Amino acid sequence: MAEGLTKYYGEQRAVDDLSFTVQPGLVTGFLGPNGSGKSTTMRLILELDAPTAGDVTLNGKHYRDHTAPLHEVGALLEARSVHTGRSAYNHLLALAHTHGIGRRRVDELIDLVGLHDVARKRAGKFSLGMGQRLGIAAALLGDPSTIMLDEPVNGLDPEGILWVRHLLRGLAAEGRTVFVSSHLMSEMSLTADHLIVIGRGRKIADMSTEEFIRQASGGLVLVRTPQAAELRKALLSGPDVTVTAAGPGLFEVRGLTAVQIGEAAAANQLVLHELTPQQASLEEAFMTLTRDDVEFKAADLESEEAVL
Amino acid sequence: MSAVSQAQQIPRLSHTGRVTQLRVARSEWTKLRSLRSTLWSMFAGVLLTILLPVLFAALTSSHWGSMSPHERADRHPLDIALAGVNVSQLAIAVLGVLVITGEYSTGMIRASFTAVPKRLPVLWAKTAVFAVVAFLLMLPPVLIAFFASQAILSRHHILQISFSHSGVARSVIGGAVYLMLVGIFALGIGAIVRNTAGAIATFAGIFFVIPPLMNILPSNWNHAVSKYLPSEAGRQLFSLTHDANSLSLGAGARLFVGYCALTIAVAAFLLVRRDT
């Protein structure tokens with residue numbers, strides 16, 4: 001999908017040599033701290049902004065070259081994209097007209113996102129949550145094969161968040177490509193199958209959500225045994241294995257899976273009281289992965305100060 | 001909660017049409033008619049075009065007795081009938097500007113360009129739909145203004161001119177054509193500047209500030225330059241007479257259309273190149 005995508009705004013580098021592919025049938029989460037280039041990347045995909053370098057295509061074509069763009073991609077951008085003086089109904093109708101989509105479809109989507117009662121009211125009076133619902137209706141208008149949503153749960157109440165989660169899973173289950181950015185890591189861990197993580201415009205990780213969490217956990221396994229010394233000896237025979245005492249008869253083992261530890265214990269006829277793989281939460285995983293990035297920022301500041 | 005707890009099926013679209021210029025025009029028509037700000041601008045334009053000539057005619061009639069022969073000679077029935085055009089052009093210009101800058105200020109432009117990523121069809125559609133609406137909207141008011149002001153003046157048997165008199169019908173209809181072109185010019189400025197206040201200021205500068213400033217110039221320079229200004233060239237569309245210091249009807253009309261085409265062309269050039 002994206003290859004070597006780079007965008008500068010003046011001197012400011014927003015996206016830096018970013019390459020990734022988003023697969024159909026999955027919910028792909030797009031994670032990154034604020035200002036890491038998520039929204040810019042989405043604007044580049046829609047060709048609202050032109051990349052400084054690199055290229056991005058959808059199903060082999062530039063977005064601009066598709067004959068029915070709304071059928072290709074339905075997008076909800078972070079910045080509001082609705083005229084405040086126009087009603088929700090007329091907003092959707094104006095967009096529908098460009099593709100020859102009828103009024104019935106507009107009505108269907110208004111009902112689907114739950115805006116029936118306010119459809120004739122000016123969009124400028126909408127709450128953040130209602131605005132998001134209208135944006136999602138606009139994104140689904142053209143029955144798109146790719147759905148791209150920037151921070152869709154922003155401003156939604158718990159019911160709305162649940163609704164979006166089910167919606168995204170349902171869209172992916174229908175075989176559509178779902179690409180969704182969020183700064184809410186816990187939300188992503190419930191929704192996304194695959195994660196693309198960026199920091200300062202660069203790709204940090206591109207892997208399944210499971211893999212992401214496992215990797216960030218560092219393969220930490222908690223082991224409790226009454227035969228501490230013997231087990232320690234048995235486990236340390238392998239390369240890159242570290243065993244740290246965490247309490248009386250309690251170890252943290254890195255470099256081995258729980259399966260490997262269990263089998264090693266059995267082979268040496270050692271008793272285990274506990275064998276627990278430790279899972280980092282998505283937040284922790286995210287913090288671990290973006291730590292270098294944050295440090296890099298701090299270092300940058302220091303060097304600037306030194307110059308001054 | 002039941003609607004929430006189960007995955008919702010998105011109704012499929014039976015057929016998906018491609019984007020065509022005609023469909024984009026229909027979309028722009030929907031946008032234009034569904035904004036209250038647009039409707040107010042239109043209403044103001046219509047009202048000013050009718051009311052000012054009526055007021056002007058009434059004042060001229062009531063003061064006719066006390067006017068000097070020189071003053072009387074200075075009054076022309078067509079100037080009275082089209083007095084509103086000079087003012088309502090601002091309302092039409094604001095409307096033309098808002099058609100495009102309203103989308104930039106609210107972020108609607110992102111939705112528009114996501115639906116029509118080639119972008120130029122949006123500009124063509126906006127221009128065409130707005131031109132048609134502006135002309136059809138302003139034609140009745142200029143006609144009403146002409147006949148209403150003539151009716152008022154006729155009660156005092158002064159300043160009568162027939163609609164069938166040579167050039168009269170052309171000038172009255174020319175007033176509506178002029179307003180339409182002013183709107184197109186303003187739309188082009190709006191698309192270039194992309195900011196409501198900036199675009200209106202630019203338009204006002206070109207149409208209302210620069211022309212009087214020309215009086216600072218030595219008069220032979222002023223006469224040489226002024227007639228080529230957009231406002232002066234456009235004025236020939238609704239002027240009955242053309243003298244040495246103004247362009248002919250044809251030359252003025254062509255030049256003004258040229259100015260409009262130029263702003264739209266510059267807007268188109270920038271539209272496909274700039275980030276949104």
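These figures come from a predicted structure and were not determined experimentally. (Residues numbered from 1 in each chain as written. Chains lettered and ligands numbered in written order. Predicted model: local features only at pLDDT ≥ 70, side-chain atom pairs only at ≥ 80, totals over all residues. Heavy atoms only, no water.)

Enquirer: Would you mind showing me how to read the overall build of chain B here?
Expert: Per the secondary structure count, chain B includes 13 helices and zero strands. Counting only C-alpha atoms and orienting by the principal axes, one finds that chain B spans roughly 85 × 45 × 30 Å. Here chain B, with 276 residues, has 49% of them falling under the buried criterion. Long-range contacts, defined as pairs at least 24 residues apart, comprise 75% of the intrachain contacts of chain B with a sequence gap of at least 6. Summed over all atoms, the accessible surface of chain B reaches about 12,600 Å², with 67% contributed by carbon and sulfur. (Helix = DSSP H or I, 4+ residues; strand = E, 2+ residues; numbered from the N terminus. Buried < 20%, exposed > 50% of the residue type's maximum accessible area, 1.4 Å probe, protein only. Contact = heavy atoms within 4.5 Å. Areas by Shrake-Rupley, 256 points an atom, 1.4 Å probe, with all protein chains shown as cover.)

Enquirer: Whenever I open this one, helix α10 (residues 196–213) of chain B confuses me. Can you help?
Expert: Note that an α-helix has 3.6 residues per turn; residues three or four places apart therefore point the same way. Residue and element names in this part refer to chain B. Over its 18 residues, α10 extends 24 Å from the first C-alpha to the last, a length consistent with the 26 Å expected when each residue adds 1.5 Å. Looking only at α10, the buried set comprises Ala199, Phe203, Gly205, Phe207 and Pro211. Tucked into the core, α10 has its buried residues touching α6 (83–106), α9 (168–193), α12 (230–235) and α13 (249–271). (Expected span 1.5 Å × (residues − 1).)

Enquirer: Just to check I follow, could you spell out the interface of chain B and chain A for this structure?
Expert: Accessible area lost on assembly of the parts is the figure often given for the size of an interface. In this assembly, 44 residues from chain B lie in contact with 52 residues from chain A. Between chain B and chain A, the buried area comes to about 4,300 Å², and carbon and sulfur atoms account for 56% of it. Here chain B is connected to chain A by three salt bridges. Between aspartate 275 of chain B and lysine 7 of chain A there is a salt bridge; the shortest N-O distance is 2.7 Å. Summed over the shared surface of chain B and chain A, the result is 19 residue pairs in polar contact (both at pLDDT 80 or more). When residues of the side of chain B that touches chain A are traced back to their parent elements, those giving at least two are α1 (2–5), α2 (21–33), α6 and α7 (108–115) of chain B. Ranked by residues supplied to the side of chain B that touches chain A, first place goes to α2 of chain B with seven residues. Looking at the side of chain B that touches chain A residue by residue, the class counts come to 16 nonpolar, 15 polar and 13 charged. (Buried area = accessible area lost by both parts, 1.4 Å probe. Salt bridge = Lys/Arg side-chain N within 4 Å of Asp/Glu carboxyl O. Polar contact = N/O pair within 3.5 Å; in protein donor to acceptor, adjacent residues only side chain to side chain. Nonpolar A, V, L, I, M, F, W, Y, C, P; charged D, E, K, R; others polar.)

Enquirer: Just to check I follow, could you spell out the pattern of salt bridges for this structure?
Expert: Oppositely charged side chains may form a pair once their charged atoms are brought near each other. Evaluation of the coordinates by the stated rule reveals 19 salt bridges over all chains. In this structure, glutamate 174 of chain A and arginine 12 of chain B form a salt bridge, with 3.5 Å as the shortest nitrogen-oxygen distance. Linking glutamate 174 of chain A in the loop between α6 (158–173) and β7 (177–182) with arginine 12 of chain B in the loop between α1 and α2, this pair reaches from one chain into another. Classification of glutamate 174 of chain A as partly exposed rests on a relative accessible area of 25%. The salt bridge partner of aspartate 206 of chain A is lysine 203 of chain A, with a shortest N-O separation of 3.2 Å. What makes aspartate 206 of chain A partly exposed here is its relative accessible area of 31%. Lysine 203 of chain A gets classed as partly exposed once you look at its relative accessible area, which sits at 35%. One network of salt bridges, in which partners are shared, links Asp143, Glu174 and Arg176 of chain A together with Arg12 of chain B.

Enquirer: Teacher, can you tell me more about the domain arrangement of chain A here?
Expert: The domain architecture assigned to chain A consists of domain 1 (2–214) and domain 2 (219–277). Computed over C-alpha atoms only, the centres of domain 1 of chain A and domain 2 of chain A are separated by 45 Å. (Domains from an automatic or database assignment.)

Enquirer: Would you take a moment to explain a nonpolar patch on the surface for this structure?
Expert: A cluster of nonpolar residues, Leu90, Phe208, Val209, Ile210, Leu213 and Ile216 of chain B, forms a patch on the protein surface that exposes about 520 Å² of accessible area. A per-element tally of the nonpolar patch places α10 of chain B first, with four residues. (Patch = residues over 30% accessible without salt bridge, like charges linked within 9 Å, V, L, I, M, F, W, Y side chains within 5 Å.)

Enquirer: I'm lost on the sheet that holds strand β4 (residues 53–56) of chain A in this one. Help?
Expert: In sheet architecture, strand pairing relies on hydrogen bonds along the backbone and comes in two forms, parallel and antiparallel. Residue and element names in this part refer to chain A. Across the sheet, three strands lie side by side as β2-β1-β4; this open sheet has antiparallel pairing. Pairing within the sheet leaves two strands with one partner each, and these edge strands are β2 (12–20) and β4. Mean inter-strand twist for the sheet, computed between neighbouring axes without regard to direction, equals 30°. Note: strand β1 (residues 2–9) against β2, five bridges, orientation antiparallel. Opposite alanine 2, over in β2, you have phenylalanine 20 as the bridge partner. (Pairing = 2+ DSSP bridges. Axes fitted to C-alpha atoms, helices over the stretch in contact; angles between N-to-C directions.)

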